[in-house]
Amino acid sequence: MFKVISCLAYEHDYSFVMVAAVVCIAGAAMTMRLFERAARLSPEARNAWIVLSGVACGSAIWTTHFVAMLGFRLPFEAAFDPVLTIASLLIAIFFTAAGLHLSLSPPKGVPVETGGVVIGIGIAAMHFTGMRGYEIAGRIEWDATLVSASVLFAVAFGALTMHLAARQPVRHSKLLSVITLVLAICTMHFTAMGAATLVPDPSVVVPAQLFSSEFLAVLVLATMAIIAGLTLSVMDAKSQRELVDSFRHAAQHDPLTGLPNRAFLSDNLPAMLLRSDAAGRKAAVIVVDLDRFKEINDVHGHSVGDQLLRTLSARLRGLIGSGELVARVGGDEFVAVKQDVSSAREIDDFVRRLIDSVLDPVQSKAKTLSVGASVGISVYPDHAASADDLIGAADLAMYRAKRAVSDKVCYYDRSMDEGRRERSALAIELRHALERDEFELYYQPQHDVRTGEVCAYEALLRWHHRERGIVPPEEFIPIAEENGLIIPIGEWVLRTACAEVAGWRKPYRICVNIAAAQLTQADLPKVVHETLLATGLAALRLELEVTEASIIEDRDRALHIVRQLKAIGVTIAMDDYGVGYSSLSTLQIFPFDKVKIDRSFVDDVASNDASAAIVRATILLANQLKIPVLAEGVERQENFEFLRAEGCAEMQGFLFGRPQPLSEIASLVGRPDIRPAEPSRAGAGPRLEDAALETRQSAA
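Quick caveat, the model's predicted, so the values are computed rather than measured. (Residues numbered from 1 in each chain as written. Predicted model: local features only at pLDDT ≥ 70, side-chain atom pairs only at ≥ 80, totals over all residues. Heavy atoms only, no water.)

A word on the nonpolar core. In terms of nonpolar packing, the biggest core is built from 77 residues, with Leu-430, Phe-439, Tyr-443, Ile-510, Leu-542, Leu-544 and Leu-643 touching the most fellow members. In terms of residues, this core owes the most to one element, helix H16 (residues 486-502), which gives 8 residues. Formed by 48 residues, the second largest nonpolar core is a distinct cluster that contains Val-67, Phe-72, Ile-119 and Ala-196. (Core = buried A, V, L, I, M, F, W, Y, C linked by side-chain atoms within 4.5 Å. Buried < 20%, exposed > 50% of the residue type's maximum accessible area, 1.4 Å probe, protein only. Helix = DSSP H or I, 4+ residues; strand = E, 2+ residues; numbered from the N terminus.)

Okay, here's the thing in structure tokens:
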């Protein structure tokens, strides 16, 4: 070790040593920066950066060596062999590039530190190749111990460099990796120089065709300038190109899942259709909408929902083959494309793969999450000739599949377009229905089973269109909900029902449906309170009906609003019990005054054991909780007898009376002064399920 210190202290020009150190540090810093950039790229895109890193590092090693050699003081003549000098540069570049590549993409079972070992070997190989080309008027004798130590320094510090750069185990790992790379180069060089003893020999003549020290100095400076300029220009060009590529990728890919987005689909779908057309084949567009995803978000939180989307997207990405594409175009909506389709079976197989990947449950920590899928399919060119029309057709088919009870996969057909146009026209007309006084309230009686008397009426909405006549509720209620019109319509229903019922001499209760959108309005209790004050109706005579589906979206908020409504004095009924979540915890938490069993169970309660069991259990449970039960859709005597025997408190249905306008029941409610009138604004159209019931009753 004394020989090494002595060599550095007494046999080198410090000015050259300082220049060599600066070059070494700058080269090591540039190498680590390029290595970090390469590590962030995909395996296909990083190779160019690895080569650039190898050129920077190899040049730094080579320049450090020869700048230090220029400062090595000799009492006799010396020169450099051009072939071995240039070869040493190529060796340094090759070994460092290979080592960096090995650290970034190590084979299975090979640690990243192996790449550092390769770099260390490259440093040593470059040094001794350069020294082999160092021609002096004498000979070089080597100390084997110090030679081994120099190689060990290069290999050890090289391995430590890659350990820090690739694994980053500690804070400031990047800075430490630069330091250890400098140590790998410098300790190897000066230890190896200390291992060399130069013995003069007058009989040895330095050939004239070798590089002189002055020429080598110029060569080293020129090489460093060229390599530095080349590296910086390449980095700048690649950085700009990568920046553009990253912007393009971000613009065309979903940030959460990494899947292509709607913009990517719009750009690429037309070309996929053209390729299918050129091959004389078809193409399929499949829209997949996740069922129950919103419930997972609401119950488990958005972070769990995001993880579910990432997992499902990774599955979909993994099953995509040549000529296939999956894009995420909405919160829980995906679009898949398959080109070059020759048979319907190919489409069905592709759809089956998609559905299977979605339906397979997802494990999230201790939770098992599962969603459903509604799938719509359109085929090019059978169903549409353009990309946008094809997606629109598949979207229509998906919505039909979502409304279906059993079959959740639906192919597009022409009638869907007619239905869409009809719905659009109806939506436009619906916006003016309130202004034109085209709504009217119908009332259906509810009977007390014990007394056999009418105890309440439910307000139901009817639309008297000026051209179409009576529009069925199941046609316009969903449109009102989709377009946000259900809120003003619902408020009109509440206001009109309270105003009309307040004038009845007989104190019947009035039941008004509250839509899900209304229940999300923070001012609903205020609206109800002001309506009661304005109309003079006693709060005890107003019963508001809500479905469990409308409160499950935000239980805490819904519970707060329901409690505020209860504080006003109105009663609250759970409508359509049995068709939604039918959660026992909902009955326990929410202060319901009544439970209404859906008509779908009451219809065949006398003949269907399953329906009978559900109704019996519901009545038993409600009675234990001291909540009265009302059965909807009672149309036959045998149903009435069954329900009465099971302890059902109230009933409603054709058996007791159909929905009628106020003019038809005026004498029954104590308003004989009301004459049959023109249809006025009427309203109570909360939900699709109610609408279907009302229409069926009206038709009868």
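For helix H23 (residues 609-624), built from 16 residues, the straight-helix expectation of 22 Å at 1.5 Å per residue is met to within 8% by its first-to-last C-alpha distance of 22 Å. Ser-611, Ala-612, Val-615, Thr-618, Ile-619 and Ala-622 are the residues of H23 that are buried. All buried residues of H23 lie within an arc of 135° about the axis, which places them on one face of the element. For H23, the exposed residues lying more than 90 degrees away from the buried face are Asp-609, Leu-620 and Gln-624. (Expected span 1.5 Å × (residues − 1). Arc of directions from axis to C-beta.)

A few words on the sheet that holds strand S5 (residues 282-291). The strand order across the open sheet formed by 5 strands is S6-S7-S5-S10-S11, and the pairing between neighbours is mixed. Taken across any chain shown, the strands that pair with only one partner, and hence form the sheet edges, are strand S6 (324-328) and strand S11 (409-411). Adjacent strand axes in the sheet meet at a mean angle of 20°, parallel and antiparallel pairs treated alike. Of the pairings in the sheet, the one linking strand S10 (residues 372-380) to S11 comprises 3 bridges and is parallel in character. Across the sheet, residue Ile-377 finds its bridge partner in S11, namely Tyr-411. The strands that helix H12 (residues 344-359) touches are S5, S6, strand S7 (333-341), S10 and S11; relative to S10, the one it contacts most, it runs at about 155°. Across the sheet, helix H13 (residues 387-403) is in contact with S5, S7, S10 and S11; its angle to S10 comes to roughly 145°. (Pairing = 2+ DSSP bridges. Axes fitted to C-alpha atoms, helices over the stretch in contact; angles between N-to-C directions. Contact = heavy atoms within 4.5 Å.)

Summarising the element assignment, Thr-618 is placed in helix H23. Looking at Thr-618, its side chain comes within polar contact range of the main-chain oxygen of Ile-614, at 2.8 Å. (Polar contact = N/O pair within 3.5 Å; in protein donor to acceptor, adjacent residues only side chain to side chain.)

Turning our attention to helix H20 (residues 555-568). Spanning 14 residues, H20 covers 20 Å between terminal C-alpha atoms, matching the ideal 20 Å at 1.5 Å per step. Phi turns positive, to about 120°, at Gly-569, one or two residues after H20.

This part covers the packing of aromatic side chains. The description of an aromatic ring pair uses the distance of the two centres, along with the angle that the planes make with each other. What the rule picks out here adds up to 13 aromatic pairs. With 6.1 Å between their ring centres and 40° between their planes, Phe-439 and Phe-476 make a pair best called tilted. Of this pair, Phe-439 sits in strand S12 (residues 439-448) while Phe-476 is found in helix H15 (residues 473-482), placing the two residues 37 residues apart along the sequence. Under the relative-accessibility criterion, Phe-439 is labelled buried at 0%. Ring centres of Tyr-457 and Tyr-508 lie 5.4 Å apart, and the angle between their planes is 70°; this geometry places the pair in the edge-to-face category. Residue Tyr-457 is located in strand S13 (residues 454-465), and its partner Tyr-508 is located in the loop between H16 and strand S15 (509-513); the two are separated by 51 residues in the primary sequence. Judged by its relative accessible area of 3%, Tyr-457 is buried. Taken together through their ring pairs, the aromatic side chains of Phe-439, Trp-463, Phe-476 and Trp-492 make up a single cluster. Over the aromatic face of Phe-350 sits the side chain of Lys-338, whose NZ or CZ is 5.6 Å from the ring centroid. (Phe/Tyr/Trp six-rings, centres within 6.5 Å; stacked < 30°, edge-to-face > 60°. Lys NZ or Arg CZ within 6 Å of the ring centre and 35° of its normal.)

These figures capture arrangement, not role.
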